[in-house]
Amino acid sequence: MRVEQLWSNVRLATLRGDLPGLGAIEDGLIAAIGERIVYAGPRADAPRLEAETTHDCEGRWITPGLIDCHTHLVYAGNRAREFELRLEGASYEAIARSGGGIVSTMTATRAASREQLAAEALPRLDAMLAEGITTVEIKSGYGLSQADEIKMLEAARALGQARAVNVAATFLGAHALPPEFAGNSDGYVDAVCTQMIPAVADLADAVDAFCEGIAFSTAQVRRVFQAAAAHGLPVKLHAEQLSNLQGAALAAEFGALSADHLEHLDAAGVDAMARAGTVAVLLPGAFYFTRETRLPPIDALRCAGVPIAIATDCNPGTSPLTSPLLAMNMAATLFRLTVNECIAGMTREAARALGRLDSVGTLEPGKRCDLAIWDIGEPAELVYRMGFNPLHARIFGGKP
């Protein structure tokens, strides 16, 4: 077989579901034609390969390119002052109810152009790419009007043109109540359902919502999900972060790709997610940054067979984190996830949480040749280290 690119003398963490653990292969090869992998496996089992370009990886490890499946990467301004207030004892809810929080970022985001939003987001995206990210989800949700939500989604798409990265754009219009709808949350949900979702249906890959006492009720989120379904858009949900409103069970009812945060998830929610195949996306950066103390029910999720993904939740208020490697370390140290769970959570299960497991997240023939090549002696180093980046090279669609 003649191939364009061949990576040899390499150890693979394939993350294939039919292999145990990380699907490790000690003496492996990866071959690609164009953007697609045509072989990923043991050297001894490979067909005869003639490569236009061969890369000697000198015994390094290759994983699938990392995937950040929950970010709010596009926004303007920052909330450093709110960080100070929380250090002085103010709660996230109190800051939000006094006009801070998401609404303060909304003000800055509305004032920025699409080009300015993309320009502000680029350094954050570049920090992620430098640690091996090849696919990133980017939510809207700081515009909170039709024009500004579209502007955010267009900025997210622009980032995918400016950099070699797959962008999944998610519409999060039901993120917070904008001031022009003060006291009329049902009216705002009407606008989200009847105006915004139809307007973004061709621009967004999914629809998300924030189901919480300071945001939207399960009845309101149900209407958002019904509107999303009517336009053929899959759904995701910020659920059970600050309280238990049974949002995860509602998400599962609609076959949601994921339910995210989940610190207050109960047994009924776990069971519903397991039956629906909804991925649990854990966000240790937000848990750490807000000094949360209630852990997500990790053991219950494991026992029920709910897939577990990890993401940075990069956002200006509760997780200004742009390091997927640190997110994995936090998931291990704060949530006691295993090394295998952390790496799978930032590759295979993150792809599942975006509905993209058919194209990314594992090293298998037919999938995109999105690779992260690491200067490590064993995969545990990706989770163990803090503030150290062992990335040797990032391959996107078969190209450096």
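Fair warning: this is a prediction, and the values are worked out from it, not measured in the lab. (Residues numbered from 1 in each chain as written. Predicted model: local features only at pLDDT ≥ 70, side-chain atom pairs only at ≥ 80, totals over all residues. Heavy atoms only, no water.)

**Digging into the pairing of strand S2 (residues 24–33)**
Then step 1. Across 6 bridges, the pairing between strand S1 (residues 2–13) and S2 is antiparallel. Across the sheet, Val10 pairs through a bridge with Gly28, a residue of S2.
Then step 2. The pairing of S2 with strand S3 (residues 36–42) spans 6 bridges and is classified as antiparallel. Following the sheet pairing, Ile30 is matched in S3 by Ala40.
Then step 3. The antiparallel hairpin formed by S2 and S3 contains 2 residues in its connecting segment, where Gly34 sits at a positive phi of about 65 degrees. (Pairing = 2+ DSSP bridges. Helix = DSSP H or I, 4+ residues; strand = E, 2+ residues; numbered from the N terminus.)

**Remarks on the domain arrangement of the protein chain**
Then step 1. Domain boundaries in the protein chain define domain 1 (2–65 + 362–395) and domain 2 (66–354).
Then step 2. Computed from C-alpha coordinates alone, the two centres of domain 1 and domain 2 are separated by 30 Å.
Then step 3. Contact residues are listed per partner, giving 27 residues for domain 1 and 23 residues for domain 2.
Then step 4. Summed over both partners, the interface of domain 1 with domain 2 comes to about 1,800 Å²; 63% of that surface belongs to carbon and sulfur atoms. (Domains from an automatic or database assignment. Contact = heavy atoms within 4.5 Å. Buried area = accessible area lost by both parts, 1.4 Å probe.)

**Quick notes on the pairing of strand S12 (residues 279–282)**
Then step 1. The alternating pattern of S12 places Val279 and Val281 on one face and Ala280 and Leu282 on the opposite face, and all of these are buried.
Then step 2. Pairing geometry for strand S11 (residues 258–261) and S12, over 3 bridges, is parallel. Residue pairing for S12: Asp260 is matched across the bridge by Val281.
Then step 3. Looking at chain direction, S12 and strand S13 (residues 308–310) are connected through 3 bridges and run parallel. Across the sheet, Leu282 pairs through a bridge with Ile310, a residue of S13. (Buried < 20%, exposed > 50% of the residue type's maximum accessible area, 1.4 Å probe, protein only.)

**Looking at the UniProt feature "binding site: Fe(3+)" (unreviewed entry) in the protein chain**
Then step 1. Residues annotated in UniProt with the feature "binding site: Fe(3+)" (unreviewed entry) correspond here to His70, His72, His238 and Asp313. Across 244 residues in sequence, these annotated residues keep their C-alpha atoms within 12.2 Å of one another, forming a single compact spot.
Then step 2. Residue position: His72 is located in the loop between strand S6 (66–68) and helix H1 (80–87).
Then step 3. When sequence neighbours within four positions are dropped, the list of residues in contact with His72 reads Lys139, Ser140, Tyr142, Leu172, His175, His238, Asp313, Cys314 and Asn315.
Then step 4. Here the side chain of His72 touches His238 through a polar contact of 3.4 Å, side chain to side chain.
Then step 5. Here His238 lies in strand S10 (residues 236–239).
Then step 6. A polar contact of 3.3 Å, which involves the side chain of His238, links it to the side chain of His70. (UniProt positions renumbered as here; feature names shortened; annotations may be inferred. Polar contact = N/O pair within 3.5 Å; in protein donor to acceptor, adjacent residues only side chain to side chain.)

**As for unusual backbone geometry**
Then step 1. Of note in the backbone geometry, Arg291 takes a positive phi value of approximately 60 degrees without being a glycine.
Then step 2. Its location among the elements puts Arg291 in the loop between helix H10 (284–289) and helix H11 (298–304).
Then step 3. Residue Arg336 is not a glycine yet carries a positive backbone phi of 60 degrees.
Then step 4. Within the secondary structure layout, Arg336 lies in the loop between helix H12 (324–335) and helix H13 (339–345).
Then step 5. Exposure remark for Arg336: the relative accessible area of 61% places this residue in the exposed category.

**Structural notes on the UniProt feature "binding site: 4-imidazolone-5-propanoate" (unreviewed entry) in the protein chain**
Then step 1. Here, the residues flagged by UniProt with the feature "binding site: 4-imidazolone-5-propanoate" (unreviewed entry) are Arg79, Tyr142, His175, Gln241 and Thr318.
Then step 2. Looking at the element boundaries, His175 is found in the loop between strand S8 (166–174) and helix H6 (185–200).
Then step 3. With sequence-adjacent residues up to four places away left out, His175 is seen in contact with His72, Ile102, Gly141, Tyr142, Leu144, Phe210, Ala215 and Phe216.
Then step 4. A polar side-chain atom of His175 sits 2.9 Å from the main-chain carbonyl oxygen of Gly141.
Then step 5. Position of Gln241 among the secondary structure elements: in the loop between S10 and helix H8 (247–253).
Then step 6. Judged by its relative accessible area of 10%, Gln241 falls in the buried class.
Then step 7. Beyond its immediate chain neighbours, meaning those up to four positions away, Gln241 contacts Phe210, Glu212, His261, Leu262, Glu263, His264 and Glu292.

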